[in-house]
Amino acid sequence: MSAQVSNAFVRLNGTMLQMRRVFVFALCVPLLFALQLDAARKTRNVILVTADGLRWQELFGGIDPLLMNEQVTGMEQAPELRAKLWRTTPEERRKALMPFFWNELAPKGVVLGNLEKKSSVRVTNRYHVSYPGYSEILTGRAQDDVIRGNVEIQNPTPTVLQFLREKLELERSKVALFGSWDTFSYIGESQPGSIYINTGYREHASSAISPRMRELSAIQFDMLAPAFDVRHDYVTFEMALEYLKREEPRLLHIALGETDDWAHDKRYDRVLGMIGYLDRSLNVLWRWLQSSPTYRDSTTLLITCDHGRGSTLEDWTSHGEKIPESQQIWVAIVGPDTPARGEAADAPEFLQRDIAPTIIDLMGLDYRDYPGVLGKPIQAALSH
Ligand SMILES: [Zn+2]
C-alpha cells in the first residue's frame, strides 16, 4: 500500500489541480486502509462461556481470606481444600484456584474487571440477577421495563445469536446454546426454535446422535443436582463439547450454573470446587479448539458472568438490587483479534451490554446494524 502511494506522488506532479488530487488521495489512503483492517477480522467462530455469579473477588484473588475459615461458609469441614488454595498474595492464590486460566489463557488475551487494579466491568440492569444479566449479555441492552427478574418470559428482543445467524445466513445447527439452567430456553431467543438450545434436564433430540451424546443426554436424569431447575455443569459442558466436535457451530454459548447455586446454599467449599471445574473445562475446550483445523486461530473465546455477589460474610451468598456491589462483573477475551495484554489495570470502565456488540465486531460485522443495541465494542479487547 505505501509503495503505491509514493508511486502516485511521483507520477502526479505539475498543476495545482493534480497536487490537490494527490493531497486528497494521501488523506484517504490511511482511512481506507483502517476501514479495510477493521473489516478483516480473523475470528470466524465465537465461543461464549458464562459462569453464573462467579465473583470478581475469586477470579482475581483466589480463595477469599474472609470466607475460608468460617463455619457458616462450610469451610470448617475443608482444611485440605484451604491448604491447597491458600497463598499469601492474590496473584498466587488465583493461580492456585485457576491454574490454566491464569498461567496459560489470560496472558494470551485481555481480562477486565479487577477493581483492586482500577479496572471495572459492571451490569447496567438494575436487578443484578440472572435473567436480566444473561439477557444484557446476549442483547447488548438492559430491558428493565420487561425483564424484571427471573420470571420465565420469552426474551422480547432477538438475541445476538439470532441476529448473527440471520446476518451470516447460518443454518440453525451452527448457532447453539447449552445451559445448566432451564430458563435459558426463554433467555436465548425471542422466537422459539430460532437457534439450537439445550438446557437443564432436556434430552438432546437428534436423529444422528453420537454414542457419547446419547450417554450424556441420559445420565443427566440419573445424577440430579440439588436445584430442581439446574443440571450439573459436567453434563452441560460435556454435551456442548460433543456438539462442538460433531456439528461445528460458528457461535456457541456454554452457560454453567453451579457456582451460583452452591453460593446460595452457603457452601464456599463447593463454589471453589466448581471454579476449579470451570478452569479444567476451559483447559479441555481451549486445547481441543487449538487441535482442530476448523477452529484453530480463528476462534475467539469470551468468558464472563451474569452478576456479582456481596462482599461480606453476611451477603457473599447473595446478589440483587439491595446488594450494590453485585453489579460488578468481569470479562476475559482471548482470540486472534485480541491483543495479548493479560490483566487490565487503570482501564476505562466497560459494561455488560458491551459484550454483544463486541461479538458482532469480532465476527466482522457492524454492531450498529443490530437494532436497539446500547453497548459498544470493547476496544481494549480488539486489535486495530
Ligand atoms: Zn443467584
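Look a little higher up for the structure.
It should be emphasised that the depicted structure is a prediction, and the values quoted were computed from it without experimental measurement.

Caption draft 1: A look at the overall build of the chain. Tallying secondary structure elements over the chain gives 14 helices and eleven strands in all. Across the 384 residues in the chain, those meeting the buried criterion constitute 48%. Residue pairs in contact within the chain that sit at least 24 positions apart in sequence constitute 68% of those at least 6 positions apart.

Caption draft 2: Main features of the sheet that holds strand β8 (residues 328-329). The strand order across the open sheet built from three strands is β8-β3-β11, with neighbouring strands paired in mixed fashion. Either end of the sheet is taken by a strand with one partner, and the two such strands are β8 and β11 (350-351). Judged from the two bridges that link them, strand β3 (residues 121-122) and β8 form a sheet pairing that is antiparallel. Across the sheet, Arg 122 pairs through a bridge with Gln 328, a residue of β8.

Caption draft 3: Spatial organisation of the nonpolar core. Within the largest apolar cluster, 99 residues are counted, with the highest numbers of intra-cluster contacts made by Val 160, Ile 254 and Ile 359. It is helix α13 (residues 268-291) that contributes the most residues to this core, nine residues altogether. Here Ile 254 is in contact with Ile 47, Val 49, Phe 178, Thr 236, Phe 237 and Ala 240, once residues within four sequence places are set aside.

Caption draft 4: Geometry of the pairing of strand β4 (residues 175-179). Burial runs high along β4: five of the five residues are buried. Neither face of β4 is open: one carries Val 175, Leu 177 and Gly 179, the other Ala 176 and Phe 178, and all of them are buried. Bridge count between β4 and strand β5 (residues 196-199): four bridges; the pairing is parallel. Across the sheet, the residue bridging to Leu 177 is Ile 197, located in β5.

Caption draft 5: Structural context of helix α5 (residues 90-97). Looking only at α5, the buried set comprises Arg 93, Arg 94 and Leu 97. Viewed end-on, α5 has its buried residues packed into an arc of 95°, placing them on one side of the element. On its buried side, α5 packs onto α3 (56-61), α4 (79-85), α6 (99-105) and α13.

Caption draft 6: Quick look at unusual backbone geometry. Even without being a glycine, Lys 266 presents a positive backbone phi close to 60°. Within the secondary structure, Lys 266 sits in the loop between α12 (258-264) and α13. Phi is positive for Asp 346, which is not a glycine, with a value near 50°. Within the secondary structure, Asp 346 sits in the loop between β10 (342-343) and β11. Classification of Asp 346 by C-beta neighbours within 10 Å gives exposed; the count is 7.

Caption draft 7: Up close: the environment of Gln 162. Among the secondary structure elements, Gln 162 is positioned in helix α8 (residues 160-167). The residues contacting Gln 162, other than those within four sequence positions of it, are Glu 189, Ser 190, Ser 194 and Ile 195.

Caption draft 8: Expanded view of the packing of helix α11 (residues 233-247) against α13. Axis separation between α11 and α13 bottoms out at 11 Å; the angle between their running directions is 5°. As far as their axial angle goes, α13 and α11 are roughly parallel. Taking contact as the criterion, the partners of Asp 233, Phe 237 and Leu 241 in α11 are, on α13, Met 274, Tyr 277, Ser 281, Val 284, Leu 285 and Trp 288. Residues belonging to the contact of α11 with α13 are distributed by class as follows: seven nonpolar, one polar and one charged.

Caption draft 9: Spatial organisation of the pairing of strand β9 (residues 331-334). Burial along β9 is two-sided: Val 331 and Ile 333 and Ala 332 and Val 334, pointing in opposite directions, are all buried. Across four bridges, strand β7 (residues 299-304) lies against β9 in antiparallel orientation. Among the inter-strand pairings, Leu 302 is bridged to a residue of β9, identified as Ile 333.

Caption draft 10: Expanded view of the packing of helix α10 (residues 211-219) against α11. As a packed pair, α10 and α11 sit with axes 10 Å apart at the nearest point and diverge in direction by 160°. Between α10 and α11, the angle falls in the class roughly antiparallel. Between α10 and α11 lies a crossing whose hand is left-handed. Counting all contacts with α10, which are made through Arg 212, Met 213, Leu 216 and Ile 219, the residues of α11 involved are Val 235, Glu 238, Met 239 and Glu 242. Residues that form the contact of α10 with α11 fall into these classes: five nonpolar, no polar and three charged.

Caption draft 11: Representation of the sheet that holds strand β6 (residues 251-256). Taken in spatial order, the eight strands line up as β5-β4-β6-β1-β7-β9-β2-β10 in an open sheet, and their pairing is mixed. Only two strands of the sheet have a single partner each, and these edge strands are β5 and β10. Note: strand β1 (residues 45-51) against β7, six bridges, orientation parallel. Pairing of Ile 47 across the sheet is with Leu 301, part of β7. Across the sheet, α11 is in contact with β4, β5 and β6; its angle to β6 comes to roughly 170°.

Caption draft 12: Seen up close, the environment of Lys 376. One can find Lys 376 in the segment after α14 (355-362). Lys 376 gets classed as partly exposed once you count the C-beta atoms within 10 Å, which come to 16. Here Lys 376 is in contact with Asp 354 and Pro 357, once residues within four sequence places are set aside.

Analysis parameters
Residue indices begin from 1 for each chain and proceed along its sequence in written order. Restriction of local features to residues with pLDDT of at least 70 applies here, the model being predicted, together with a cutoff of 80 or more for giving and counting side-chain atom pairs; totals for whole chains, interfaces and linings are based on all residues. The numbering of helices and of strands both runs from the N terminus, where a helix is a DSSP run of H or I of at least 4 residues and a strand a run of E of at least 2. Between the buried cut of 20 or more and the exposed cut of 12 or fewer other C-beta atoms within 10 Å of a residue's own C-beta lies the partly exposed class, and all C-beta atoms are placed from the backbone. Two residues qualify as being in contact provided that their C-beta atoms, derived from the backbone, are within 7 Å of each other. Any two strands between which DSSP finds at least two bridges are classified as paired. The nonpolar core is taken to be a set of buried Ala, Val, Leu, Ile, Met, Phe, Trp, Tyr and Cys residues joined by way of C-beta atoms within 7 Å. Throughout, the arc means that of the directions going from the helix axis to the C-beta atoms. Axis geometry follows a simple rule: fit a line to the C-alpha atoms, using only the stretch in contact for helices, then measure angles between N-to-C directions, giving values from 0 to 180 degrees. Just so you know how the angles are binned, under 35 degrees is roughly parallel, over 145 roughly antiparallel, 65 to 115 roughly perpendicular, and the rest oblique. Think of it as three bins: nonpolar holds Ala, Val, Leu, Ile, Met, Phe, Trp, Tyr, Cys and Pro, charged holds Asp, Glu, Lys and Arg, and polar takes everything else, Gly as well. Take the far helix as your reference; a near helix turned counterclockwise from it by less than a right angle gives a left-handed crossing, and one turned clockwise gives a right-handed crossing.

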